[in-house]
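Single-letter residue listing:
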Amino acid sequence: DLEALEQEGREYIAQLDRAAGARKNRASLVEWAYTSNITEANEEQRIQVQLELSKQEKQAWSETKMYRWQDFQDFTLRRMFKKYSQLGVAALPDEKYKLLMQSVSGMESNYATSKICDYKNTTKCDLSLEPEITEIFAKSQDPEELKNAWVQWHAAAGARARQNFSQYVQLDNEAAQLNGFKDVADWWLSEYEVPDFEQQLAKLWEDVKPLYQELHAYVRKRLRDKYGEHVVSAKGPIPAHLLGNMWAQTWNNIESFTRPYPDKKEIDITKTMKDKNYTPLKMFQMSDEFFRSLNLTAMPEKFWKNSIIEKPTDREIVCHASAWDFYDGEDFRIKMCTTVNMEHLRVVHHEMGHVQYYLQYRDKPVIFRAGANPGFHEAVGDTIALSVSSPKHLRRVGLISGDAEDEQTEINQLYKMGIDKIVFLPFAYVLDLFRYSVFRGTTTPEDYNCHYWRLRDELQGVEPPVNRTEEDFDAAAKYHVSADVEYARYYVSFIIQFQFHRALCQLAGEYVPEDLTKKLVDCDIYQSVNAGNALSNMLKMGSSKPWPDAMEALTGQRAMRADGLLEYFRPLQEWLHAENQRTGEYIGWEPSKMQYC
Ligand SMILES: C=C(C[SeH])C(=O)N1CCC[C@H]1C(=O)O
Ligand SMILES: [Zn+2]
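From a predicted model like this one, the values you see are computed outputs, not experimental measurements.

Rules behind the numbers
Residues numbered from 1 in each chain as written. Chains lettered and ligands numbered in written order. Predicted model: local features only at pLDDT ≥ 70, side-chain atom pairs only at ≥ 80, totals over all residues. Heavy atoms only, no water. Helix = DSSP H or I, 4+ residues; strand = E, 2+ residues; numbered from the N terminus. Buried < 20%, exposed > 50% of the residue type's maximum accessible area, 1.4 Å probe, protein only. Contact = heavy atoms within 4.5 Å. Areas by Shrake-Rupley, 256 points an atom, 1.4 Å probe, with all protein chains shown as cover. Salt bridge = Lys/Arg side-chain N within 4 Å of Asp/Glu carboxyl O. Pairing = 2+ DSSP bridges. 1 Å grid on protein atoms, 1.4 Å probe; cavity = no way out; pocket = protein on both sides within 12 Å on 5 of 7 lines; lining within 4 Å. Points joined across faces, edges and corners; volume = space filled by probe spheres on them. Nonpolar A, V, L, I, M, F, W, Y, C, P; charged D, E, K, R; others polar.

### As for the overall build of the chain
Then, in step 1: Across its full length, the chain holds 23 helices and four strands.
Then, in step 2: Along the first, second and third principal axes, the C-alpha set of the chain runs to 75 × 55 × 45 Å.
Then, in step 3: The buried share of the chain, taken over its 597 residues, is 59%.
Then, in step 4: In the chain, 77% of the contacts between residues at least 6 apart in sequence involve partners at least 24 apart.
Then, in step 5: Carbon together with sulfur atoms contributes 50% to the accessible area of the chain, which is approximately 23700 Å² in total.

Following this line, the structure appears as structure tokens:
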């Protein structure tokens, strides 16, 4: 009878989950070995082990199909079978599977090892993305130097990945079809479990776009004031190399010379961190202490032993920050080429948020050890970082000294947060709108770069510093495109982290709507066990329930909504609107005059 069959299914899935845990542990170890020491041998070893594991997964998958799990009564048991009935890229025949692995690791190692030459000393050609090129974009205010670094990096990390990328698209689409999806775009979107998810992304952009356009107009005016109208036009997009970041995804590095009230005291956290002899280790210890103050879990001893938190000098590694679960309940790591500055203090909290999620759901079945959806996993650390980067918290830990708040300081603070959080949204949206169209075939290799820049122009209002052709492939100059990492997760994260932050601030008694002494922008949930317990309850769920249930558990809402972000930035939006009217700055942008199609 069904009851006996269901009990048999329960025993089967329990042993399958244990076996899957051992497989994922092996996969993580061989992946770690490669990305923390990029050599031919380690790349070969990684592909061999992944191939061997894929055979075992295929075997397990064929057994799982024998069960009539769709008729089971137990929701959790049905959900486990449903997730295990999706095989993934292992569905490809061995030869194609190997080719797919090789094309992705080819792109990833090209990205990780790409170097450019020094602008002033063209024989010095050993500059890496981290820390050298990142430092140029953080510090240089010479448009020619920035343009030079931008062009060299996009040639090395972008154009050189084009062949591998088009092969990866072809093979990954085949894998998607073997899993019953039309293409990889539908496969990625299925991770969000709601049928209208793509429409939800578009709706969120409509909600935030007016705020972005006001901020974009204000920044373009300030950049034109600084660099002149021959470098920054009055009504066009902003040249991408002038925004303090290789991809123009966060503009925090131009804050010092564009902030609304320049005569207010300069709050240079980076300088204070260096003056106080901060080290990467101290940054990680600070973050660990914040999570513990919320009654969340301390980083286990293996974390401190096995993590890599500074760039090694004796080998090539993948420097792009990452957090790792080894699925054995005790080995969790971060790999990051940490530099002592405010931006990396935020990234440290971002990565520690991933590990806290791993710790909170580590007793769950392996198959549920994931975010409620990929965006949730990206939002945990950033939500904590919203408290950490508040003036109240920075004062608490001695990174800001002296003067209390006033209206102008608050606008400066909201501006500082806005050029990190608001400007990121169109960038993130573009990256996966581009890749959805590539996987769906509406964008062909012949017009990869044209479509990428058309989206960048229309949605983000940025343009390339020089003309582009189809010899270029600028999308791959961004890590996640070269490493096959889906990006809508960050777009989701930058929306929902404000829903999480608002809920936690209310639980911490730090935010009371309409109470001007308890404003959202001043909220710091540090040491609030009440907030921490609510966060822990949501994180413990992992992916065992559909994400609206997890969202509701923490915020009372069941949908992604821009209202948290818009409420947080309301005073800034009003100030920007008034300021743009005062200066008469054109809101929005006309199509770029640069050639890219
Ligand atoms: C820090 C990570 C590793 Se999950 C990252 O890739 N992030 C964090 C925010 C956006 C995105 C990026 O750097 O592009
Ligand atoms: Zn992340």
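### Quick look at the side chain of Ser543
Then, in step 1: The residue Ser543 is located in the loop between helix H21 (529–540) and helix H22 (547–555) in this model.
Then, in step 2: Exposure remark for Ser543: the relative accessible area of 4% places this residue in the buried category.
Then, in step 3: Non-local contacts of Ser543, meaning those with residues more than four positions away in its chain, are made with Arg79, Lys83, Ile367, Phe368, Arg369, Ala370, Gly371 and Ala372.

### Focus on the pattern of salt bridges
Then, in step 1: Per the stated rule, a full pass over the model turns up 43 salt bridges.
Then, in step 2: The partner of Lys124 in a salt bridge is Asp126, with the nearest N and O atoms 2.8 Å apart.
Then, in step 3: Given a relative accessible area of 43%, Asp126 falls into the partly exposed group.
Then, in step 4: Taking the shortest distance from any N to any O, the salt bridge between Glu585 and Arg220 comes out at 3.0 Å. Of this pair, Glu585 sits in the segment after helix H23 (563–583) while Arg220 sits in helix H9 (residues 197–227), placing them 365 residues apart in sequence.
Then, in step 5: On the accessibility criterion, Glu585 (8% relative accessible area) is buried.

### Looking at the pairing of strand E3 (residues 332–335)
Then, in step 1: Alternating residues of E3 divide into Phe332 and Ile334 and Arg333 and Lys335, and every residue in both groups is buried.
Then, in step 2: For strand E2 (residues 322–325) and E3, the ladder comprises four bridges, and the chain directions are antiparallel. Bridge pairing links Ala323 to Ile334 in E3.
Then, in step 3: Remark: six residues form the turn of the hairpin made by E2 and E3, two consecutive strands paired antiparallel; Tyr327 in that turn has positive phi of roughly 55 degrees.

### Re empty space enclosed by the protein
Then, in step 1: Following the criterion strictly, the structure yields three cavities of 30 Å³ or more and no others.
Then, in step 2: Taken as a whole, the largest cavity spans an internal volume of roughly 100 Å³.
Then, in step 3: Class assignment of the residues belonging to the lining of the largest cavity gives a composition of one nonpolar, three polar and six charged.

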